[in-house]
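Summary of structural features
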Amino acid sequence: MPGFRTRRFWRDTDGAISIVAAISLFFLLALAAIVIDIGSLYFQRRNLQAATDAAALAAVQNPANAMAVATDVFSRNGYSDETLTVTPGVYAADESLSAAARFTPQSDSADAIRVSATMPQHTYLATLFGLGPSATLAATATAARLPTISFGAGTRLASLDNGLANALLGQMLGSSINLSAIDYNALLTTNVDALTFLNNLAAIVNVSGSYQQLAASNVSMGQIMEAMAQTLDTSGAASGDPANAALALQGLGTPTNVTTAPLSQFVDLSPLAGRSIGGIGEINDTGAQFNVMSILSAGARTVAQGHLIDLGTSLGSTITTHLTIGSPMAQIANGQVGSSIHTAQIRMSLTVNVLNLLTIPLYLEAASGQATVTALPCRPGGTLAEIDASSGLATLQFGSVSDAQLENFSTPVTPTASPLVSGSPISIGAAGPTSLSFSQADIDAGVIKSVSANTTIFASLGTNLRLNLSGLLAALLGTLTSTATGLISQLDGPVNNLLTALGLQLGTMDVRVFGASCRTPTLVG
């Protein structure tokens, strides 16, 4: 009967598995298609990312032609239908910034390149199930090349008089110093790994945050010397003559000058500002080095700023000298393009005793010189660094100034004229800026390069001397004039030898590069 057959049909389960299998097979085929297409897209996306990474790494080595370089890399990897966006910029290795915020688009002085690539990729089976015939793949890579340089105002061994250096550094440190020329040679020829020194100093002053916090921390010469001693004792952290440099450091004794000053006032740590202390590998990981003598003299200049330094008759039995150092500025830098260093601004009063019959007061003022990194081309076997240097203006004149005037750098000095002495002031104009190029050979040899103007300022002033004498002294005018002229004219050498301990020469800007790291381009985002 019809009704019975219908009910029987719905109750019959024979062959049900075939229906379930047919339905399941459809979904399995759909899933397989999706897996095949997703796998293909993932594989092609990975290849695209690899090509994008390679393009960014290649382009950052030639920022001026970044687009052409990136396009060539994609072509060599078999791509022809990609859409490329190449953006030059600068990269800030600052851990306080998000990864995206560390890259800033900028065409000038670019040290990073961001490459973005998109391309269509056909699907295989997805269209059978109503999905699109293609998908768009995208990849982005940012590469940075952050060359760094450590440099400072050079101190010339040939010009360094250990007796004058002992007197000057002893006054600044508040200790009695008796180092030999050999000791100073060891200090001048020994460089230390900058990060090892900075990490040691951070532990001593109890700073555990960032290098920016360390730069803002007040440090004393005793703490600087302790950190330097620890660094010289660290295996692999020093080059040159670390054993004798450590002995010379001991010979400096314990400074009684406990004045402190921010580290940033004499060392520029800008490239490390956002990095965590201890978060960068030490022992030449950055290529940054500090010269031992440069660190010591820069620190001593800073803590002695604005204080009178009484050098007595260090320049000779007939010459009395008082010296002050102006506001400190960074004199050593672990920097990049644009970083600058400065020599010390100084004021000096000298009194020349002429045959115990006459005293002639002199006043010398020298502005700071400057050196700025203009390029780090990193040419193998060629120039690693280019630095523009300028010497500071120096003026020498007859007249006396008080110690209070010497110490007050906020007020210009007008020397008090002596009624017995007259003569026109002598000035050395600022020389430069002049470009100085340093190769790896120059760095290894500790070569000092200079920008110089006329440096015979005392000899020039001596020829301008006019004595206004009367009475018994008038009869000795010729003798006193010739003797005074000779005493003044011969001061160029001794004064420059004295200032050498400060990394300063009158009318000259000496520059020395302690280390340069060109670094391999690195993917940073």
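As a starting point, this report considers the structure included with it. For every chain, the first residue of its written sequence is number 1, and the numbers climb from 1 along that sequence. For a predicted model such as this one, the threshold for reporting local features is a pLDDT of at least 70, and the threshold for listing and counting side-chain atom pairs is 80 or more; totals across whole chains, interfaces and linings nevertheless cover every residue. Water and hydrogen atoms play no part in the side-chain values, which are based on all heavy atoms of the structure.

The next subject is the overall build of the chain. Elements are defined by DSSP. Helices are runs of H or I of four residues or more, strands are runs of E of two residues or more, and each kind is numbered from the N terminus. Of regular secondary structure, the chain possesses 15 helices and 27 strands. Under the scheme applied here, a residue whose accessible area is under 20% of the maximum for its type counts as buried, over 50% as exposed, and between as partly exposed, the area being computed with a 1.4 Å probe on protein chains only. Each of the 525 residues in the chain was classed as buried or not, and the buried ones make up 47%. When contacts within the chain are restricted to residue pairs at least 6 apart in sequence, those whose partners lie at least 24 apart make up 75%. Accessible surface for the chain amounts to roughly 23,200 Å². Of this, 54% is attributable to carbon and sulfur atoms. Two residues qualify as a contact provided that any one of their heavy atoms is within 4.5 Å of a heavy atom in the partner residue. Note on areas: these come from Shrake-Rupley sampling with a 1.4 Å probe, and a residue is covered only by the protein chains present in the view.

Taken in spatial order, the 4 strands line up as β15-β18-β19-β23 in an open sheet, and their pairing is antiparallel. Edge positions in the sheet fall to β15 (340–342) and β23 (434–439), since each of these pairs with one other strand and no more. Pairs of neighbouring strands in the sheet enclose a mean axial angle of 25 degrees, with direction left out of account. DSSP bridges decide pairing: two strands pair if at least two such bridges lie between them. Relative to strand β19 (residues 383–390), strand β18 (residues 370–375) runs antiparallel, the two being bridged by 5 bridges. From the neighbouring strand, Gln370 faces β19, where its bridge partner is Ser390. Here, axes are lines fitted to C-alpha atoms. For helices the fit covers the stretch in contact, and angles between N-to-C directions go from 0 to 180 degrees.

It is worth spelling out the sheet that holds strand β12 (residues 309–312) at this point. Two orientations exist for strands paired in a sheet by backbone hydrogen bonds: parallel and antiparallel. Spatially, 6 strands are ordered β12-β13-β16-β17-β20-β22 in an open sheet, and the strand pairing comes out antiparallel. The sheet is open, and its two edges are formed by β12 and β22 (426–428), each paired on a single side. With direction set aside, neighbouring strand axes in the sheet form an average angle of 15 degrees. Bridge count for strand β16 (residues 346–354) against strand β17 (residues 358–366) is 9 bridges, and the pairing is antiparallel. If you follow Leu350 over to β17, its bridge partner there is Leu362. Packing of helix α4 (residues 162–173) onto the sheet brings it into contact with β12 and β13 (319–325), and relative to β12 it is tilted by some 150 degrees.

To continue, consider the environment of Gly279. Looking at where Gly279 falls in the secondary structure, it is placed in the loop between β10 (267–268) and β11 (289–291). According to the relative accessible area criterion, Gly279 is partly exposed, its value standing at 47%. C-alpha separation for the pair Gly279 and Ser210, spaced 69 residues apart in sequence, amounts to 9.0 Å.

This paragraph deals with the packing of aromatic side chains. Side-chain rings of Phe, Tyr and Trp (the six-membered ring for Trp) are treated as a pair once their centres are within 6.5 Å; stacked means planes under 30 degrees apart, edge-to-face means over 60, and tilted covers the remaining angles. Under the defined criterion, the tally for this structure stands at 2 aromatic pairs. Each ring, one from Phe74 and one from Tyr79, has its centre 5.6 Å from the other, and the planes form 70 degrees; the classification is edge-to-face. Assessed through its relative accessible area of 0%, Phe74 is described here as buried. The class for Tyr79 is buried, based on a relative accessible area of 13%. Over the aromatic face of Phe409 sits the side chain of Arg347, whose NZ or CZ is 4.4 Å from the ring centroid. For Lys449, the ring lying beneath its charged end belongs to Phe438, and the centroid distance is 5.2 Å. Throughout this description, the term charge over a ring refers to an Arg CZ or Lys NZ atom that lies within 6 Å of the ring centre and within 35 degrees of the ring normal.

With that settled, the discussion passes to a nonpolar patch on the surface. A cluster of nonpolar side chains, Leu355, Leu357 and Leu476, forms an exposed patch at the surface whose accessible area comes to about 250 Å². Within the secondary structure layout, Leu357 lies in the loop between β16 and β17. Only residues whose relative accessible area exceeds 30% and that take part in no salt bridge are eligible for patches, with like-charged residues grouped when within 9 Å of each other and nonpolar side chains (Val, Leu, Ile, Met, Phe, Trp, Tyr) grouped when within 5 Å. We define a salt bridge as a side-chain nitrogen of Lys or Arg found within 4 Å of a carboxyl oxygen belonging to Asp or Glu.

Let us look at unusual backbone geometry. Look at the link from Gly432 to Pro433: it is a cis peptide, with omega at 5 degrees. Note that Pro433 resides in the loop between β22 and β23. Phi is positive for Asn206, close to 65 degrees, though the residue is something other than glycine. Here Asn206 lies in the loop between α6 (194–204) and α7 (211–216). The backbone of Leu355 sits at a positive phi, close to 55 degrees, despite the residue not being glycine. Structurally, the position occupied by Leu355 is in the loop between β16 and β17.

In this section: the nonpolar core. Residues Phe197, Leu214, Phe290, Ile360, Leu362, Phe458 and Val495 are the most contacted members of the largest nonpolar core, which totals 95 residues. By residue number, the principal contributor to this core is helix α10 (residues 292–303), which donates 7 residues. Discounting residues that sit within four places of it in the chain, Leu214 has contacts with Leu198, Leu201, Ala202, Val205, Val207, Leu263 and Ile277. Ala371, Leu376, Leu436 and Ala516 belong to the second-largest nonpolar core, a separate cluster that totals 22 residues. Put simply, a nonpolar core is a bunch of buried Ala, Val, Leu, Ile, Met, Phe, Trp, Tyr and Cys residues held in one set by side-chain atoms that sit within 4.5 Å of each other.

Here Val401 is to be found in the loop between β20 (394–398) and α11 (403–407). With 40 residues separating them in the primary sequence, Val401 and Pro361 have C-alpha atoms 8.4 Å apart. Ignoring sequence-local partners within four residues, the contact set of Val401 consists of Ser349, Tyr363, Leu406, Val413 and Pro415.

All right, on to the pairing of β19 then. Of all 8 residues in β19, 6 are buried, a share of seventy percent or more. As paired strands, β19 and β23 are joined by 6 bridges and run antiparallel to one another. When the sheet's bridge partners are listed, Asp388 is paired in β23 with Ser435.

Once that is clear, we can look at the pattern of salt bridges. In this structure the tally under the stated criterion is 3 salt bridges. The residue Lys449 makes a salt bridge to Asp442 at a minimum N-O spacing of 3.2 Å. By relative accessible area, Lys449 is classed as partly exposed at 24%. Judged by its relative accessible area of 16%, Asp442 falls in the buried class.

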